[in-house]
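Results of the structural survey
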Amino acid sequence: MENIMKTVKVIGETFCQHYTQSTDEQPGSHIDFAVNRLKLAEILYYKILETVMVQETRRLHGMDMSVIEVVIRSEEGLSRDMVKHLNSIEEQILESLAWSHDSALWEALQASANRVPTCEEVS
């Protein structure tokens, strides 16, 4: 619980800092507006987290619960746009992690008995 609260605090501080900064496209928002947005996001996060933990602990009997689908399954009231947004975020995270130099993907590809084709072979 302590790690979760620390992570939420760090992410919240980063969010407020970036939300209030001006860009070329739009002026930054007032800090009070950023804090209110952050509070709403925290409420949603903890509500979903609690539901996920209860449902998945029952379903998986304490096994691994690290997929975004558990969030979507646990919160039936999410709009279609919110589900699409969460799926988009998941894809962006996976893409950025998959191609980093220390990704487990590279080890899996090297250890693979089925060799990965080159660009020329695919063409």
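The structure we're discussing is the one just above.
Notes on the structure in this doc start here. (Residues numbered from 1 in each chain as written. Predicted model: local features only at pLDDT ≥ 70, side-chain atom pairs only at ≥ 80, totals over all residues. Heavy atoms only, no water.)

1. A look at the overall build of the protein
Here is the rule: The way it works is that DSSP assigns letters per residue, a run of H or I at least four long becomes a helix, a run of E at least two long becomes a strand, and they are numbered from the N terminus. Here the globule rule reads 2.2 Å times residues to the power 0.38, and the radius of gyration is calculated from C-alpha atoms. Only protein chains enter the accessibility calculation, which uses a 1.4 Å probe; a residue is then buried when its area is under 20% of its type maximum, exposed when over 50%, and partly exposed in between.
A count of helices and strands for the protein gives six helices and zero strands. Seen in sequence order, the protein has helices and strands lined up from the N terminus as α-α-α-α-α-α. Over its C-alpha trace the protein gives a radius of gyration of 19 Å, far above what one expects of a compact globule, namely 14 Å for 123 residues. With respect to the principal axes defined by its C-alpha atoms, the protein has extents near 55 × 45 × 30 Å. Across the 123 residues that make up the protein, the buried fraction comes to 14%.

2. Re the packing of aromatic side chains
The line we're drawing: Ring geometry is summarised as follows: Phe, Tyr and Trp rings, the Trp one being its six-membered ring, pair when their centres sit within 6.5 Å, and such pairs are stacked at plane angles under 30 degrees, edge-to-face over 60 and tilted between the two.
For the coordinates displayed, the defined rule picks out three aromatic pairs. Here the aromatic rings of phenylalanine 15 and tyrosine 19 are separated by 4.9 Å at their centres, their planes lie at 35°, and the arrangement is tilted. Here the residue phenylalanine 15 and the residue tyrosine 19 both occupy positions in helix α1 (residues 2–19), the gap between them amounting to four residues, near one helical turn. Overall, phenylalanine 15 belongs to the partly exposed group, its relative accessible area being 30%. Here the aromatic rings of tyrosine 19 and phenylalanine 33 are separated by 6.0 Å at their centres, their planes lie at 35°, and the arrangement is tilted.

3. What about the side chain of serine 103?
What counts here: The definition of a polar contact used here is a pair of N or O atoms within 3.5 Å, where within protein one atom must be able to donate a hydrogen and the other to accept one, and adjacent residues in sequence count solely through side-chain atom pairs. Any two residues whose heavy atoms approach within 4.5 Å at even a single point are treated as in contact.
In this fold, serine 103 is placed in the loop between α4 (80–98) and α5 (104–111). Within the local environment of serine 103, its side chain forms a polar contact with the backbone oxygen of leucine 97, the two atoms lying 3.5 Å apart. Of the polar contacts made by the side chain of serine 103, one reaches the backbone oxygen of alanine 98; its length is 2.9 Å. In contact with serine 103, not counting residues within four places along its chain, are Leu97 and Ala98.

4. So, the pattern of salt bridges
Spelled out, the test is: Here, a salt bridge means any side-chain nitrogen of Lys or Arg that lies within 4 Å of a carboxyl oxygen of Asp or Glu.
This structure, assessed with the given rule, holds two salt bridges. For lysine 6, the salt bridge identified is with glutamate 2, shortest N-O distance 3.2 Å. With a gap of four residues between them, lysine 6 and glutamate 2 both fall in helix α1, about one helical turn apart. Accessibility expressed as a relative area gives 48% for lysine 6, which makes it partly exposed. Looking at glutamate 2, the relative accessible area reads 56%, which means it is exposed. A salt bridge links lysine 9 to glutamate 13, with the nearest nitrogen and oxygen atoms 4.0 Å apart. Taken together, the positions of lysine 9 and glutamate 13, both in helix α1 and four residues apart, correspond to about one turn of that helix. Relative accessible area serves as the criterion here: at 53%, lysine 9 is assigned to the exposed category. Among the residues examined, glutamate 13 registers a relative accessible area of 47% and is labelled partly exposed.

5. Quick word on the environment of alanine 41
In this structure, alanine 41 sits in helix α2 (residues 31–60). The sequence separation of alanine 41 and lysine 9 amounts to 32 residues, and the corresponding C-alpha distance is 12 Å.

6. Describing the environment of lysine 47
Relative to the helices and strands, lysine 47 is located in helix α2. Assessed through its relative accessible area of 42%, lysine 47 is described here as partly exposed. Residues lysine 47 and glutamine 17, 30 residues apart in the sequence, show an inter-C-alpha distance of 24 Å.

All we've got here are geometric facts, nothing functional implied.
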